[in-house]
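As a plain string of letters, each chain reads:
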Amino acid sequence: MTKKAKPDINHLVSMETLDIDTINYLMDEADNFLKKTLSKEHILDTLKGKVVAVLFYESSTRSRNSFVIAAKRLSAITINPDMNLSAILKGESLLDTIHTFEAMGVDLFAIRHPDNNAAQFVASELNGPASIVNAGDGDNQHPTQALLDLMTIRQYKSQFNDLTVAIVGDISHSRVARSLIAGLKIMGTTQIHLIAPPDLAPEDAESLGVKVFNNFEEGLSSADVVVALRIQKERMQEAQLPDFEKYHNEFGLTAERLALAKSDAIVMHPGPMNRGVEIDSNVADGPQSVILQQVQNGIAMRMAVMETLLI
Ligand code: CP
């Protein structure tokens, strides 16, 4: 098989900037990195001498640490400062921080920020040729999560055209949902079902080209992939927060509800999970769950993204 041409991209700020060839290329590269890691080939020299800055202005367990591991596996000089101890406490702006790190020779920034379009803004204001990877901006985009989710779906389902993907939970505040919907559409998935209470369903569902359901019977029937989402408490006012017990009774992914989907449906969750709220433990840890595979794929996908942007 001939190797596909490397896509010519400098930044990854939104799934909407990608095309099907670029996504396929990144999934192929990530699968190769995963095979290398699984065969104990842990450290590669690809990014030797490059400097990667992982700057997180919001909490994270998976993305932050997987960017660091991915950069180190490719031999990049990697910094991951605690932003709560940085000069932002003295009033330094995001842009001054970025320009300072650029002056130190940073080649790639992975940035998580609570403001929508923060990564896009930084990418447009750089002094030099550094690359920006959006590691999550507000409720807008989380493209590396969408890419690792697509990689996971491809591993289990082999294709995207003839799939029904159901996304369950707080969709209106979810950058994961927004990015995944964009990615699925690029890959050719037309049956995208959103299952959410009316106040947590996206207002722009029609323009997103998805179907919204507020019950599981219709939404989950014939689903091949079920993605459960956390309630994004940090993006809600106190008054908006649902009663979690009531929410679980109406919208929690239980084993009984999962049985409405196809018997070989896979269960995904980007994490962190609130067990007993949006998902039950016997589903999260059950035979259909691929949640920890998503985590493993996250490192391989971030290796693929960083290598593609920097080499
Ligand atoms: N999926 C995800 O973004 O998780 P973290 O917030 O732990 O990075």
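What counts, and at which threshold
Residue positions within a chain follow its written sequence, with the count starting from 1. Totals for whole chains, interfaces and linings use every residue, but because this is a predicted model, local features are given only for residues with pLDDT of at least 70 and side-chain atom pairs only at 80 or more, for both listing and counting. Neither water nor hydrogens contribute to the side-chain values; these are computed over all heavy atoms in the structure. Angles shown run from 0 to 180 degrees and are taken between the N-to-C directions of axes, each axis being a line fitted to C-alpha atoms and, for helices, limited to the stretch in contact. Only DSSP runs of H or I with at least four residues qualify as helices, and only runs of E with at least two residues qualify as strands; both kinds are numbered from the N terminus onward. Working rule for angles: under 35 degrees goes down as roughly parallel, over 145 as roughly antiparallel, 65 to 115 as roughly perpendicular, anything else as oblique. Handedness of each helix crossing follows the sense of rotation of the near helix against the far helix: counterclockwise by less than a right angle gives left-handed, clockwise gives right-handed. Residue contacts are counted whenever heavy atoms from the two residues lie within 4.5 Å of one another. Put simply, a residue is near a molecule or strand once any heavy atom of it comes within 4 Å of that molecule or strand. Definition of a polar contact: a pair of N or O atoms within 3.5 Å, with one able to donate and the other able to accept a hydrogen when the atoms are protein atoms, and with sequence-neighbouring residues admitted only if both atoms are side-chain atoms. Note on areas: these come from Shrake-Rupley sampling with a 1.4 Å probe, and a residue is covered only by the protein chains present in the view. The nonpolar class holds Ala, Val, Leu, Ile, Met, Phe, Trp, Tyr, Cys and Pro. Asp, Glu, Lys and Arg form the charged class, and all remaining residues, Gly among them, are polar. Here, any two strands with at least 2 DSSP bridges between them count as paired. Note on aromatic contacts: the rings of Phe and Tyr and the six-membered ring of Trp form a pair at centre separations within 6.5 Å, being stacked when their planes are under 30 degrees apart, edge-to-face when over 60 apart, and tilted otherwise. Note on classification: 1.4 Å probe, protein chains only; a residue is buried when its accessible area is under 20% of the maximum for its type, exposed when over 50%, partly exposed between these limits. Among the buried residues, those of types Ala, Val, Leu, Ile, Met, Phe, Trp, Tyr and Cys that are joined through side-chain atoms within 4.5 Å form a nonpolar core.

**Thoughts on the packing of helix H5 (residues 143-157) against helix H6 (residues 175-187)**
Okay, step 1: Following both chains from N to C, one finds H5 and H6 inclined at 50 degrees, their axes separated by 8 Å at the closest point. When the axes of H5 and H6 are compared, the pair comes out oblique. The crossing of H5 and H6 is right-handed. Contact with H5, carried on its side by Pro143, Gln145, Ala146, Asp149, Leu150 and Ile153, involves Val176, Ser179, Leu180, Gly183, Leu184 and Met187 of H6 and no other residues of that element.

**A few points about the site of the ligand**
Okay, step 1: Around the ligand, the structure places Ser60, Thr61, Arg62, Ser63, Arg112, His142, Gln145, Pro270 and Gly271.
Okay, step 2: Within the backbone of Thr61, a nitrogen or oxygen atom sits 2.8 Å from an oxygen atom of the ligand.
Okay, step 3: A total of 250 Å² of accessible area belongs to the ligand in isolation, and the protein chains cover 92% of it.
Okay, step 4: For the shell around the ligand, the class distribution of residues is one nonpolar, six polar and two charged.

**Describing the sheet that holds strand E1 (residues 51-56)**
Okay, step 1: Taken in spatial order, the four strands of this open sheet run E2-E1-E3-E4, and their pairing is parallel. Where the open sheet ends on each side, the last strands, each with one partner, are strand E2 (77-79) and strand E4 (131-137). Within the sheet, the average angular offset between the axes of one strand and its neighbour, ignoring direction, is 15 degrees.
Okay, step 2: Sheet analysis places strand E3 (residues 108-113) next to E4, joined by five bridges and oriented parallel. Within E4, the residue paired with Ile111 across the bridge is Asn134.
Okay, step 3: Against the sheet, helix H2 (residues 62-73) touches E1, E2, E3 and E4, its axis set at about 175 degrees to E1.

**Considerations on the packing of aromatic side chains**
Okay, step 1: Evaluation of the coordinates by the stated rule reveals two aromatic pairs.
Okay, step 2: Centroid distance Phe216 to Phe251: 6.2 Å. Interplanar angle 45 degrees. Geometry classified as tilted. Of this pair, Phe216 sits in helix H8 (residues 216-220) while Phe251 sits in helix H9 (residues 244-251), and the two are 35 residues apart along the sequence.
Okay, step 3: For Phe216, a relative accessible area of 3% gives the class buried.
Okay, step 4: Among the residues examined, Phe251 registers a relative accessible area of 6% and is labelled buried.
Okay, step 5: Here the aromatic rings of Tyr247 and Phe251 are separated by 6.0 Å at their centres, their planes lie at 35 degrees, and the arrangement is tilted. Taken together, the positions of Tyr247 and Phe251, both in helix H9 and four residues apart, correspond to about one turn of that helix.

**Structural notes on the nonpolar core**
Okay, step 1: Residues Leu147, Leu150, Ile167 and Met301 are the most contacted members of the largest nonpolar core, which totals 66 residues.
Okay, step 2: At nine residues, helix H12 (residues 291-310) tops the list of elements feeding residues into this core.
Okay, step 3: In this view, Leu150 contacts Met15, Ile23, Met27, Phe160, Leu180, Gly183, Leu184 and Met187; residues no more than four positions away in its chain are not counted.

**Observations concerning the packing of H2 against H12**
Okay, step 1: Where H2 contacts H12, the two axes come as close as 8 Å, and the packing angle between them is 55 degrees. The orientation of H2 with respect to H12, classified from their angle, is oblique. In this structure, the crossing between H2 and H12 has a hand that is right-handed. Only Val295, Gly298, Ile299, Arg302, Met303 and Met306 of H12 make contact with H2, whose side of the interface consists of Arg62, Ser63, Ser66, Phe67, Ile69, Ala70, Ala71 and Arg73.
Okay, step 2: When the residues that make up the contact of H2 with H12 are grouped by side-chain class, the tally is eight nonpolar, three polar and three charged.

No statement about biological role is implied by the geometric values presented.
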